[in-house]
Amino acid sequence: MAAPSQPHQATYDAIVIGAGIQGSFAAYHLAQRHRDTLLLEQFLLPHSRGSSHGQSRITRSAYSRAPYTCMMPDSFLLWQRLEAEAGTSLYRRTGLVVLGPVGNPELEGCRRSLGADQVLDANVLAWRFPGLRLHAGEVAMWDSTGGVLFADRALRAVQDVFCRHGGTLQDGEKVLHIEPGAVLTVTTTAGVYQAPRLIIAAGAWTGALVAPLGLRLPLQPLRIDVCYWREKEPGSPRPSRASPCFMALGLSRAPHGIYGLPALEYPGLVKVCYHHGSPTDPEERDQTSLGAPRPNVALLSSFISDYLPGLEPWPAVVETCLYTNTPDEDFILDRHPKFSNIVIGAGFSGHGFKLAPVVGKLLCELSLGEEPSHSTAPFAITRFPSVLQAAL
């Protein structure tokens with residue numbers, strides 16, 4: 001190993017920039033295919049600067065859009081494979097309640113993905129989720145596959161398996177420059193690396209990395225309030241097993257949706273969040289003044305009072321996370337329009353974690369020139385025409 005004062009220099013089969021859950025799974029799949037792979041992360045691991053930290057994420061089959069519905073069975077299988085490889089549990093099945101106004105298009109899309117027999121009547125809902133209150137004109141559905149992914153544990157697991165398969169993970173190295181070519185050169189704060197293929201999956205920092213390559217991707221980083229609410233009577237609804245996760249869609253008070261997870265992270269604290277946030281610079285996400293208004297917390301407080309009366313109506317803990325949204329909230333999974341050996345995974349818009357095993361597989365397949373195992377047409381860069389003009 002080189003001395004700290006000497007820059008690292010090496011050549012690899014592939015380089016992946018960004019060791020969040022998407023980049024880590026892309027590197028994992030490359031290593032599984034016996035490609036000598038370098039995974040670069042700008043921050044020292046573990047960290048809470050991006051979109052992959054924290055203890056929990058919802059997973060589910062319920063989706064209103066067909067491309068994701070088609071990807072989820074593969075994702076469940078790949079999560080199970082990682083559990084077996086890592087020798088640890090990464091998922092807790094709790095079920096998921098999806099609720100909203102009757103006839104809401106997004107809710108109807110979820111119903112189609114689950115089947116009509118999964119609509120819950122009031123009595124069954126009261127048994128499965130006694131703490132949740134439905135209102136007139138609303139309907140609830142049940143996703144039996146829904147549950148909680150243990151996020152921090154999952155990220156460590158995929159990185160550990162990647163390294164066991166011969167991959168190289170280097171953290172604390174910020175990328176300074178990418179030089180395109182048949183053999184690409186990536187210069188970081190600690191070294192210079194070369195490879196014939198590159199995957200960029202740098203979350204909220206992706207836009208800044210691809211701009212010098214002629215791409216102006218419409219990516220908007222958002223600062224998300226991650227809120228935990230105290231149970232008035234801890235553990236009372238379900239002493240025998242965890243309450244379900246839930247999603248509330250199509251509510252006029254919360255057009256971007258609200259989601260919740262049971263009290264698994266902090267004892268007696270239920271995670272309930274608004275699926276949207278405030279535009280932010282990822283370098284300044286945590287630089288908010290004490291006492292600054294948080295309208296999304298007030299929105300959630302009102303929701304808690306009306307739908308979850310068993311919770312205290314003001315959060316006990318508020319943390320932050322980053323989303324990186326596209327205008328249509330669909331992913332970007334595509335080759336650079338000019339440099340075909342550069343593949344970009346971006347814009348996961350707050351719903352990508354559960355799909356990371358499949359996303360990583362698709363990024364790997366695109367990078368190797370293989371036929372993608374799922375259609376990437378819905379995730380093409382060309383759906384944003386002005387981006388292409390800027391690039392070419």
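Residue positions are given per chain, counting from 1 as you read along its sequence in written order. Under the rules for a predicted model, residues below a pLDDT of 70 receive no local features and side-chain atom pairs below 80 are neither given nor counted, while totals for whole chains, interfaces and linings still include all residues. Only hydrogens and water are set aside; all other atoms, that is, all heavy atoms of the structure, feed into the side-chain values.

J.: Could you give me a rundown of the packing of helix H2 (residues 66-86) against helix H8 (residues 356-368), with the residues and numbers involved?
T.: Axes, fitted as lines to C-alpha atoms, cover a helix only where it is in contact. Angles between the N-to-C directions of the axes lie from 0 to 180 degrees. Each helix is a run of H or I in the DSSP string that is no shorter than four residues. Each strand is a run of E no shorter than two, and both are numbered from the N terminus. Direction vectors running N to C along H2 and H8 enclose 100°, while the axes themselves pass 7 Å from each other. Taken together, the axis directions place H2 and H8 in an arrangement best described as roughly perpendicular. Residue-level inspection shows Met71, Asp74, Ser75, Leu78 and Trp79 of H2 in contact with H8, the latter providing Pro357, Val358, Lys361 and Leu362. Under the grouping applied here, Gly and all other residues not named as nonpolar or charged are polar, the nonpolar ones being Ala, Val, Leu, Ile, Met, Phe, Trp, Tyr, Cys and Pro and the charged ones Asp, Glu, Lys and Arg. Per-class residue counts for the contact of H2 with H8 are six nonpolar, one polar and two charged. Orientation categories follow fixed angle ranges, with anything under 35 degrees roughly parallel, anything over 145 roughly antiparallel, 65 to 115 roughly perpendicular, and all other angles oblique. Residues count as neighbours in contact if any of their non-hydrogen atoms are within 4.5 Å of one another.

J.: Please give an account of H8 that cites residues and values.
T.: Under the convention used throughout, the expected extent of a helix is 1.5 Å for every residue step, that is, one less than its residue count. Compared with the 18 Å implied by 1.5 Å per residue over 13 residues, the 18 Å span of H8 between its first and last C-alpha is a close match. Among the residues trailing H8, Gly369 stands out with phi positive, at a value near 75°.

J.: Give a detailed account of the nonpolar core, specifying residues and quantitative values.
T.: The biggest cluster of nonpolar side chains holds 44 residues, and the ones touching the most others in it are Ile21, Phe25, Trp79, Leu82, Phe331, Leu333 and Leu355. At the level of elements, strand S2 (14-17), helix H1 (21-32), H2, helix H5 (151-164) and H8 are the ones that each hand at least two residues to this core. The greatest single-element share of this core, amounting to eight residues, is contributed by H8. Contacts of Leu355, omitting those with residues within four sequence positions, involve Tyr63, Tyr68, Met71, Met72, Ser75 and Phe331. Only buried residues count toward a nonpolar core, which is a set of Ala, Val, Leu, Ile, Met, Phe, Trp, Tyr and Cys residues joined through side-chain atoms within 4.5 Å. Remark: exposure states derive from per-residue accessible area (1.4 Å probe, protein chains only) relative to the maximum for the residue type, with buried under 20%, exposed over 50%, and partly exposed in between. Counting residues in hydrophobic clusters, the runner-up holds 31 residues, among them Leu209, Leu217, Leu322 and Ala346.

J.: Give a description of the packing of aromatic side chains that names residues and reports values.
T.: Pairing of aromatic rings covers Phe, Tyr and the six-membered ring of Trp, with a centre-to-centre limit of 6.5 Å; geometry is then stacked below 30 degrees between planes, edge-to-face above 60, and tilted otherwise. Under the definition given, this model contains 15 aromatic pairs. Their ring planes at 50° and their centres at 5.7 Å tell us that Tyr68 and Phe379 sit as a pair that is tilted. Within this pair, whereas Tyr68 is found in helix H2, its partner Phe379 is found in the loop between H8 and helix H9 (385-391), the two being separated by 311 residues in sequence. Positioned above the aromatic ring of Tyr63 is the side chain of Arg60, whose terminal nitrogen or guanidinium carbon lies 4.1 Å from the ring centre. Note on criteria: charge over ring means Lys NZ or Arg CZ within 6 Å of the ring centre, with the direction from the centre no more than 35 degrees off the ring normal.

J.: Just give me the short version of H5, but keep the residues and values in it.
T.: Quick reminder: α-helices carry 3.6 residues per turn. Residues three or four places apart thus point the same way. Look at H5: 20 Å from first C-alpha to last across 14 residues, which is about the 20 Å you get at 1.5 Å a residue. Lining the buried residues of H5 we find H1, strand S3 (37-40), strand S4 (56-59), H2, strand S9 (147-150) and strand S10 (168-170). Just downstream of H5, Gly166 is the residue with a positive phi angle, here 95°.

J.: Lay out the environment of Asp306 in plain terms, naming residues and giving numbers.
T.: In this fold, Asp306 is placed in helix H7 (residues 295-307). Measuring from C-alpha to C-alpha, the distance between Asp306 and Asp281 comes to 34 Å, with 25 residues separating the pair along the chain. Discounting residues that sit within four places of it in the chain, Asp306 has contacts with Arg133, His135 and Arg253.

J.: Tell me what's going on with unusual backbone geometry, and back it up with residues and numbers.
T.: Across the junction of Leu45 and Pro46, the peptide omega takes the value -5°, indicating a cis bond. Along the chain, Pro46 falls in the loop between S3 and S4.

J.: Any details on the sheet that holds strand S12 (residues 184-188)? Residues and values, ideally.
T.: The strand order across the open sheet built from four strands is S1-S13-S12-S11, with neighbouring strands paired in mixed fashion. Looking along the sheet, the strands with just one partner apiece sit at the ends: strand S1 (8-11) and strand S11 (175-179). Between one strand and the next, the sheet's axes are offset by a mean angle of 15°, whatever the strand orientation. Strands qualify as paired when DSSP identifies two bridges or more between them. Relative to strand S13 (residues 191-195), S1 runs parallel, the two sharing four bridges. Paired with His8 across the bridge in S13 is Gly191.

J.: So what about the side chain of Glu41? Which residues, and what values?
T.: Looking at the element boundaries, Glu41 is found in the loop between S3 and S4. Within 3.5 Å is the distance limit for a polar contact, defined as a pair of N or O atoms, with the added protein rule that one can donate a hydrogen and the other accept it, and that residues adjacent in sequence qualify only through two side-chain atoms. Of the polar contacts made by the side chain of Glu41, one reaches the backbone nitrogen of Ala19; its length is 3.0 Å. Separated by 3.1 Å, the side chain of Glu41 and the backbone nitrogen of Phe43 make a polar contact. Ignoring anything within four residues of it in the chain, the contact list for Glu41 reads Gly18, Ala19, Gly20, His47, Gln170, Asp171, Gly172 and Glu173.

J.: Before we move on, can you summarise the pairing of S11 with the specific residues and values?
T.: In terms of strand pairing, S11 meets S12 through four bridges, oriented antiparallel. The residue bridging Val175 from the neighbouring strand is Thr188, located in S12. In this antiparallel pair of consecutive strands, S11 and S12, the connection spans four residues, and Gly181 shows a positive phi of 155°.

J.: So what's going on with the side chain of Lys361? Which residues, and what values?
T.: Relative to the assigned elements, Lys361 resides in helix H8. Classification of Lys361 as buried rests on a relative accessible area of 18%. When neighbours within four sequence positions are excluded, Lys361 is seen to be in contact with His29, Asp74, Leu78 and Ser373.

J.: Lay out the sheet that holds strand S5 (residues 91-93) in plain terms, naming residues and giving numbers.
T.: Pairing is antiparallel in the open sheet, where three strands are placed in the order S4-S9-S5. Each edge of the sheet is formed by a strand with only one pairing partner; in this case those strands are S4 and S5. The average undirected angle you get between the axes of adjacent strands in this sheet is 25°. With three bridges joining them, S5 and S9 adopt antiparallel strand pairing. Looking at S9, one finds that Arg93 is bridged to Gly147.

J.: With reference to specific residues and values, describe the environment of Phe150.
T.: Note on placement: Phe150 falls in strand S9. You can call Phe150 buried: its relative accessible area is 17%. Remark: the alpha-carbon pair of Phe150 and Arg57, spanning 93 residues in sequence, is separated by 6.7 Å. Other than its neighbours up to four places away in sequence, Phe150 contacts Gln55, Ser89, Leu90, Tyr91 and Arg92.

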